[in-house]
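Structural characterization, general
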Amino acid sequence: NNHSGVWMQASSNKSLTIAYGSGLGGSGANNIRLKRGNTTLQTGIWYHDAGVIRGATDMDLYINCVNDG
């Protein structure tokens, strides 16, 4: 029950999400920061995705080399 590290996933609403866990104890909203993309991912289509994390509140997501907001 302790969020730590970095992970990227396709969320249930079919958008790309990148997250950062502080590892300071606990699994509540205070221990995790995330950013969700704006693109709705479609089944059967390949995407190139990348995430850049500069800090807990400074993250970017890219889909097919375009910043996804």
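Residues numbered from 1 in each chain as written. Predicted model: local features only at pLDDT ≥ 70, side-chain atom pairs only at ≥ 80, totals over all residues. Heavy atoms only, no water.

A word on the sheet that holds strand S2 (residues 16-22)
Pairing in this open sheet of three strands is antiparallel, and the strands run S1-S2-S3 from one edge to the other. Of all strands in the sheet, those with a lone pairing partner are strand S1 (4-10) and strand S3 (32-36), marking the two edges. Adjacent strand axes in the sheet meet at a mean angle of 15°, parallel and antiparallel pairs treated alike. Inspection of the sheet shows S1 paired to S2 by seven bridges, in the antiparallel sense. Looking across to S2, one finds that Gly5 is bridged to Gly21. (Pairing = 2+ DSSP bridges. Helix = DSSP H or I, 4+ residues; strand = E, 2+ residues; numbered from the N terminus. Axes fitted to C-alpha atoms, helices over the stretch in contact; angles between N-to-C directions.)

Details of the environment of Asn38
When you line up the elements, Asn38 lands in the loop between S3 and strand S4 (49-55). The exposed category is assigned to Asn38, whose relative accessible area is 59%. The spatial distance from the C-alpha of Asn38 to the C-alpha of Asp68 is 5.8 Å, given a sequence separation of 30 residues. Sequence-distant contacts of Asn38, that is, excluding residues within four places in its chain, are made with Asp68 and Gly69. (Buried < 20%, exposed > 50% of the residue type's maximum accessible area, 1.4 Å probe, protein only. Contact = heavy atoms within 4.5 Å.)

These figures come from the coordinates and say nothing about function on their own.
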